[in-house]
Amino acid sequence: MNWESVIGLEIHTQLNSRTKAFCDCKAEFGEEPNTNICPVCMGYPGSLPVVNEELIKKALKLGIATKSKINYKTKFDRKNYFYPDIPKNYQITQYDYPICYDGKLTIDLKERDIKDVRINRIHMEEDTGKVFHDKDDKLTLIDYNRAGIPLLEIVTEPDLRSSEEAHVFLKELKGALRYLDISEANMEKGELRVDVNVSVRKKGEELGTKVELKNMNSFKAVEKAIDYEIKRQKKLIINGKKEDIKQETRMWIDDKGISRVMRTKEEAADYRYFPEPDIPAFEIDREMFKKIKKNKIELPLEKKYRFINEYNISYYNASVLTSDFSLSNYFEEILENYDDGESAANFVINELLSLVNENDDIIDNIKVSPEYMYKILKLLDSDVISSKIAKKILGETYNTGRDPEIIVEEKGWKQMSDSDELENIIENVINENQDEYNRYKDGEKKLFGFFMGQVMKKTKGQANPKKANKILRKKLEE
Amino acid sequence: MNIFQYKKKIKKNGLKKVIREIMENIKKNDKYNAFISVNEKVLEEAEKLEKNGKNNKPLHGVPISIKDNIAVKNQKLTCGSNLLANFISPYDATVIKRLKNAGALIVGKTNMDEFAMGASNEYSAYGPVKNPLNPEYVPGGSSGGSAASVSGNFVPVSLGSDTGGSVRQPASFTGCVGFKPTYGRVSRYGLTAFSSSLDQIGPITKNVDDTSLIYRIISGKDNMDSTSSDRKIEEYKENCKKEYSIGVPFDLIEDIDEDIKKDFLETIEQLKNNGHTIKKISFETIKYAVPTYQIISTAEASSNLARFDGIIYGNRKQNEKNLVSVTRDRGFGIEVKRRCMVGTFVLSSGYSDKYYKNALKAKKIISKELKNHFKNLDLLALPTTPNKPFKIGEKSDDVLYLYKGDLFTIPANLSGLPAISIPVKKNGDFYSSIQFMSNSFQEEILFDIGREIEKMGGKK
Amino acid sequence: MSDFNISKIKKLINIDLSEKKEENIKKDIEDILDYVEKIADIEDSKINYFEKSVDVQNIVHIDTIEKKEYEKKIKENFPKKIKDYLAVPKYLGDD
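Since the model is a prediction, treat every value here as computed from it, not as a measurement.

K.L.:
Please clarify how the overall build of chain A should be interpreted in this entry.
P.N.:
When its secondary structure is counted, chain A shows 15 helices and 17 strands. A compact globule built from 478 residues should have a C-alpha radius of gyration of about 23 Å, whereas chain A, at 30 Å, is more than 25% larger. With respect to the three principal axes, the spread of C-alpha positions in chain A is 95 × 55 × 50 Å. Buried positions account for 41% of the 478 residues belonging to chain A. Long-range pairs, those at least 24 residues apart, make up 69% of the contacts in chain A between residues at least 6 apart in sequence.

Given below as structure tokens:
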């Protein structure tokens, strides 16, 4: 049977701004409960909201990056409902004039398998407080540090066709949000929240009933929840129970791997949206907009393919290098002076990144500048050092911040590449190890490694491996 | 006594003595129930003020009462409601900060219709306020306590709030001057919101000079209020003329109280004799004014009052799952419940277009018509109210009567235009008052014509 | 005559009226709604939210933290507190 899954995402991302959306309280949690609160975010009588400039700027940044249309004339609206975690019992959000709409985010499932996922809207709103259900007690505890933190809501069109596509989309979005310095977008920290809409149909038939999924706390959970739902819907249709697929909201229960009904659409709340009277409808400042557009940032996927085309590096390497904004810039800086993209990529990924990870560092703070990396690569290319030495030098520079060229001089780490010198040493090694030599001649070819080892020992690791290898082979075969 | 007289008295008798007398007066003689709470620390504050030496501040030592929906730090903020019976505000409203910086002393919080919903101050959880001119009658509302505190000579000035006439109407009923600035002139930060797009804070005083002084001190842009304007405050007498053209919608006053009508027309004649030009104008869209006001104000109120649920602050009624609905049922009075329900209905799915959205359109139309008039006019004149004060309890069952009494005051709120009400003539216990509106940000013209009315002999 | 459904409105506005009180308030509200019916004959044009009816400027706040020390007083106003959390009956608000 030819099945088609139709999937859309509704994503909330918490901004990394310093203050809240409508007051200048600190926008950070993980602190003592109820410390970053004020009359405004606590809904005190007489308090009034004042928009955080960063919220508007970051919404525009995201809109420009996703090639969205902009509602230059925009406004806030009130969404009215009662809940203990929302102090005013209404949320300031945007209803019919979202700041951005009709954009797209490009994703690739694998190299050159590119797809545009359309973004229906991006709008600004505020977060609620955090509720803690005490297991035994008859009470619920609330921390309002999170109440009023700025959020961007991103709604996609139902363009996704599998759980894998959804996962890739979320990864791509996370990368974009980090590149744009909008949010760290960690689902585990609640900086990114995802609701999913899923329906299933046989190809060619009309759209199936849409089911909403909530409560997934990781990308993996999103994938699992989608797969479970697709399976559940298919099963019902196959068994002739298509009508049992109701338009409802289901809660994903990760440790059991199942979902359960939360509420049906008939009970949907009437939010009585109306324009926020405390914040007059406004027009985006054109100067500010121009500035943001001018400083447009290239998104990870774009950069990845540009690296592949411009620098001739592999898809895998390009993916790793563009997975982090600072890393991608670091890499490009190396290539300002250096031509061999793939060598540089391999060296950065295999050698530098492991050091960074081992030391729990971030690329922004390391002592190895792109210029130093370039120098090491140049030394390698001109055969002054071997790759083993290059690794040593990198470690040295990493810890001390000293110029690789100076290190090579000081430590005398230049490769021994003189053929005569090498021949001499190799002859000595063979003479000193007649037993092994005879065994090698008798057929134990494995002992080649032993001889190389001895040569390296004698030269304190500085023999040019390629040359030594060649000469040794020649000598052994004589 | 007005501000000037108070300042003289303070210079003569010393600040502490004067303040002590005022507090005694309030404690002993407030038979009008004008005050909900008094500032127990005011003598300390007076001392501090004296110690600071400089008594050249514009309101040095002047005692002011504040309507109990405006936040004063460490004082009660009940809004005339049971739900906030013991609530203490942790912060000062911007207008309070400005008054304090000018040397004023806040002596107490005044009684009001609950959450500013009312026109007679009979809807307070703290009992009705009595009109000092005749205690059997209402003082008007919702700033009834503010008006009574000035009319009863407890303080020279009170700050109230005006959403549909709640400063001007009680000022008129108690023989005082009531003033509503252009929307956006005075910060609303610290004013418990009733109808956000209509609310403005305004003073109730004994004369226009005091009104103008207080206005200058409290007005101006506030970064805590996104609806506050940064339009420059005019200079004294800026844009004022010797002769104004004044529009009067004579058709509208056909069926009002006879005395009010007579006094109004006489005042208009006098103005004509003084050299002003009187023009007859029509006000077609006024037929939408009260319904528009009802819809918009109740809609916004239903949302603004949703925060009062006993969860984060306030008088929580119990600790069960229905905590919120019970707290609100027991905490709110009947008028507040009525208005919140109407407001919820006109915003609800399926009705929002017919009621709320149409009301927004009507608001624009009414605004347009008024502003159009100001292309050829300097002022618009009307009586402040179509009716006289009535006895306490007389109109309790007639919900619509009170709403219709706002007919002449509502247009200023709907259009955002400034308006002033000045008493002109005494009739028995009460006064007829005249109301003027000017174009946006032309408050100086209102003060100018106001002073002229005072000189004409209506009062002092 | 309007379609005022008092039980639905009660729920939306979260006010627990007893049935006795319901009857009285319902009549008043219906009177009010009858009175405001005339708004329905406003001409049928689309509403423009962006026409500046009042002269107000775009006010924003800069993204700098302003510590104003309200936490203590706000926590003092909590009707019920456990450690530094606000406490409410369990599952309040969940249907």
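Still more ground to cover, so stick around.
K.L.:
I tried to follow the domain arrangement of chain A on my own but got confused; where do I start?
P.N.:
Frequently, the measure chosen for interface size is the accessible area removed from exposure when the parts meet. For chain A, the assigned domains read domain 1 (9-200 + 269-288), domain 2 (298-411) and domain 3 (419-477). One C-alpha centre belongs to domain 1 of chain A, the other to domain 3 of chain A, and the line joining them spans 66 Å.

K.L.:
Explanation requested: the sheet that holds strand β5 (residues 77-80) of chain A in the structure shown.
P.N.:
By definition, the strands of a sheet pair up through backbone hydrogen bonds, in either a parallel or an antiparallel sense. Residues and elements named next belong to chain A. Spatially, the three strands line up as an open sheet ordered β6-β5-β16, and their pairing is antiparallel. Only two strands of the sheet have a single neighbouring strand rather than two, namely β6 (90-93) and β16 (274-275). When β5 meets β16, the two strands line up antiparallel, connected through two bridges. Directly across from Arg 78, in β16, lies its bridge partner Phe 274.

K.L.:
What's the story with the interface of chain A and chain B in this structure? I'm lost.
P.N.:
Contacts between the two partners involve 23 residues from chain A and, on the opposite side, 32 residues from chain B. For the side of chain A that touches chain B, the residue count by class is 14 nonpolar, four polar and five charged.

K.L.:
When you look at the nonpolar core in this model, what are you seeing that I'm missing?
P.N.:
A general trend in soluble globular proteins is that nonpolar side chains are found buried together. Counting residues in hydrophobic clusters, the biggest one holds 226 residues, and the most contacted among them are Ala59(A), Phe169(A), Val196(A), Ile64(B), Ile70(B), Leu379(B) and Phe436(B). Take this core: its biggest share by element is eight residues, from helix α2 (residues 163-179) of chain A. Not counting residues up to four positions away in its chain, the partners in contact with Ile70(B) are Ala93(B), Val95(B), Ile96(B), Leu159(B), Ser161(B), Gly190(B), Leu191(B) and Ile201(B). Counting residues in hydrophobic clusters, the runner-up holds 29 residues, among them Leu327(A), Ala344(A), Ala390(A) and Ile393(A).

K.L.:
Explanation requested: the interface of chain B and chain C in the structure shown.
P.N.:
The partner chain C presents 39 residues to the 55 residues of chain B that form the contact. At the level of secondary structure, the elements contributing two or more residues to the side of chain B that touches chain C comprise α9 (289-304), α10 (323-331), α11 (334-347), α12 (353-373) and α13 (399-404) of chain B. Per element, the largest residue contribution to the side of chain B that touches chain C is 10 residues, and it comes from α12(B). The residue inventory of the side of chain B that touches chain C, partitioned by class, reads 22 nonpolar, 18 polar and 15 charged.

Criteria and cut-off values
Residues numbered from 1 in each chain as written. Chains lettered and ligands numbered in written order. Predicted model: local features only at pLDDT ≥ 70, side-chain atom pairs only at ≥ 80, totals over all residues. Helix = DSSP H or I, 4+ residues; strand = E, 2+ residues; numbered from the N terminus. Rg over C-alpha atoms; globule rule 2.2 N^0.38 Å. Buried ≥ 20, exposed ≤ 12 C-beta atoms within 10 Å, placed from the backbone. Contact = placed C-beta atoms within 7 Å. Domains from an automatic or database assignment. Pairing = 2+ DSSP bridges. Nonpolar A, V, L, I, M, F, W, Y, C, P; charged D, E, K, R; others polar. Core = buried A, V, L, I, M, F, W, Y, C linked by C-beta atoms within 7 Å.

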